[in-house]
Amino acid sequence: DWVSTWGASPQTFFEDDLLPLPPTPDQFEDQTIRMIARISKGGDQVRVRFENVFGTAPLVLGAAHIALHTGGGNIDPTTDRMLTFGGSPSATIPPGAPALSDPVDLEIGDLAEVAVSIYLPASTTAETYHRLGRQTTYVSGVGNYTDFADFPTQDTTTTLQRFFLSTIDVLAKKNTRAIVTIGDSITDGFASTVDANNRWPDQLAERLLGEGRSRKLSVVNEGISGNRTLNNEIGPNGLSRANRDIVA
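We now turn to the structure provided with this report. (Residues numbered from 1 in each chain as written. Predicted model: local features only at pLDDT ≥ 70, side-chain atom pairs only at ≥ 80, totals over all residues. Heavy atoms only, no water.)

Focus on helix H3 (residues 238–247)
Residue pairs three or four apart in sequence face the same way in an α-helix, which turns once every 3.6 residues.
At step 1: Restricting attention to buried positions, one finds in H3 the residues Gly 238, Arg 241 and Asp 245. Buried positions in H3, seen along its axis, are confined to an arc of 75° and lie on one side of it. Away from its buried face by more than 90 degrees, H3 exposes Leu 239, Asn 243 and Val 247.
At step 2: Elements that come into contact with the buried residues of H3 comprise strand E20 (177–181). (Buried < 20%, exposed > 50% of the residue type's maximum accessible area, 1.4 Å probe, protein only. Helix = DSSP H or I, 4+ residues; strand = E, 2+ residues; numbered from the N terminus. Arc of directions from axis to C-beta. Contact = heavy atoms within 4.5 Å.)

Things to note about the environment of Thr 159
At step 1: Checked against the element boundaries, Thr 159 lands in strand E17 (residues 157–159).
At step 2: A sequence separation of 55 residues divides Thr 159 from Ser 214, and the C-alpha atoms of the two residues are 35 Å apart.
At step 3: Leave out the neighbours within four places in its chain, and Thr 159 touches Pro 23, Thr 24, Pro 25, Gln 135, Thr 136, Thr 137 and Val 139.
At step 4: At 2.4 Å, the side chain of Thr 159 forms a polar contact with the side chain of Gln 161. (Polar contact = N/O pair within 3.5 Å; in protein donor to acceptor, adjacent residues only side chain to side chain.)

A look at a nonpolar patch on the surface
At step 1: Taken together, the side chains of Ile 182, Ile 246 and Val 247 define a hydrophobic patch exposed on the protein surface, amounting to about 250 Å² of accessible area.
At step 2: Looking at where Ile 182 falls in the secondary structure, it is placed in the loop between E20 and helix H1 (185–188). (Patch = residues over 30% accessible without salt bridge, like charges linked within 9 Å, V, L, I, M, F, W, Y side chains within 5 Å. Areas by Shrake-Rupley, 256 points an atom, 1.4 Å probe, with all protein chains shown as cover. Salt bridge = Lys/Arg side-chain N within 4 Å of Asp/Glu carboxyl O.)

Looking at the sheet that holds strand E15 (residues 128–130)
At step 1: The strand order across the open sheet built from 3 strands is E2-E15-E18, with neighbouring strands paired in antiparallel fashion. Edge positions in the open sheet fall to strand E2 (11–12) and strand E18 (162–163), since each of these has one partner strand only. (Pairing = 2+ DSSP bridges.)

Focus on the packing of aromatic side chains
Aromatic ring pairs are described here by two measures, namely the spacing of the ring centres and the angle between the planes.
At step 1: Using the criterion set out here, one finds 6 aromatic pairs in the structure.
At step 2: Between the aromatic rings of Phe 50 and Phe 85, the centroid separation amounts to 6.1 Å while the plane-to-plane angle is 55°, which identifies the pairing as tilted. Taken together, the positions of Phe 50 in strand E5 (residues 43–51) and Phe 85 in the loop between strand E9 (81–82) and strand E10 (91–93) put the pair 35 residues apart, joining distant regions of the chain. Side by side, Phe 50 and Phe 85 carry an identical accessibility label, which is buried.
At step 3: Considering the side-chain rings of Tyr 138 and Phe 151, the 6.3 Å spacing of their centres and the 55° angle between planes classify their relative orientation as tilted. Taken together, the positions of Tyr 138 in strand E16 (residues 137–142) and Phe 151 in the loop between E16 and E17 put the pair 13 residues apart, joining distant regions of the chain.
At step 4: Residue class for Tyr 138 comes out buried when judged on its relative accessible area of 15%.
At step 5: Among the aromatic residues, ring-to-ring pairing joins Tyr 138, Tyr 145, Phe 148 and Phe 151 into one connected group. (Phe/Tyr/Trp six-rings, centres within 6.5 Å; stacked < 30°, edge-to-face > 60°.)

Some thoughts on the pairing of E5
At step 1: Bridging between E5 and strand E12 (residues 104–108) involves 3 bridges; their strand directions are antiparallel. Following the sheet pairing, Val 46 is matched in E12 by Val 104.
At step 2: Note that E5 and strand E19 (residues 165–171) share 5 bridges and pair antiparallel. Within E19, the residue paired with Arg 47 across the bridge is Asp 169.
At step 3: Across 3 bridges, the pairing between E5 and strand E11 (residues 98–100) is antiparallel. Residue pairing across strands places Glu 51 opposite Pro 98, the latter belonging to E11.

A short note on the pattern of salt bridges
At step 1: Under the defined criterion, the tally for this structure stands at 10 salt bridges.
At step 2: Here Arg 38 and Glu 206 are joined by a salt bridge, their closest N and O atoms 3.1 Å apart. Of this pair, Arg 38 sits in strand E4 (residues 31–38) while Glu 206 sits in helix H2 (residues 200–209), and the two are 168 residues apart along the sequence.
At step 3: Classification of Arg 38 by relative accessible area gives buried; the value is 12%.
At step 4: Salt-bridge contacts for Lys 41 lead to Asp 110; the nearest nitrogen and oxygen are separated by 3.5 Å. Placement of Lys 41 in the loop between E4 and E5 and of Asp 110 in the loop between E12 and strand E13 (113–120) is noted, with a sequence separation of 69 residues between them.
At step 5: It is possible to trace a salt-bridge network through shared partners that takes in Arg 38, Arg 199, Asp 202 and Glu 206.

Put into structure tokens, the structure is as follows:
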């Protein structure tokens, strides 16, 4: 069964912030973004969902790859897989829309880290992102580095936000189910250690899927720091995003 194993709720870059943010790029052109995600339940196939839900212009993905993460901005090249969209290696996502990649064969264990790399060839504004990733994201200088085992260090910058990436699904054993956590900063992981996967949903996944355990459960974190149930204070309110971020 296809089951979501990781998530990051989309929000708009252009909103009032109650909390100070670290430096965040808001414009890309002819650049590669490599984002790291620790999944929960593993599987033998994977697909990735990208979002342009808050975009006012089409989002052009010139290329997208997924691979197992080996540390820093680097990947295991033997696990690198090109993501396609209806068989095409690129995709143009209309404003307000998502795009789900075609499935690719990739054996991923429980609680493994993957790297999702996207190449943005055109001038692109970061209108859809997740602002409190608490995970280092690598942004290249000019060029397409989606399939590079070692992400280039020259002209590379880092940030703690995630851009356009919303969900990772795996083809897991039959009857696998997802636990979806929704909330504000406590769930999102505000002030948790960067790159340590120490948010409480991460710890729940470890308890459910740790060594010697074979439960058919994943844990997906759909928290947004500062989020509210009914009001659009930071991020779309919980009621308005329940269908997209939980049910779907």
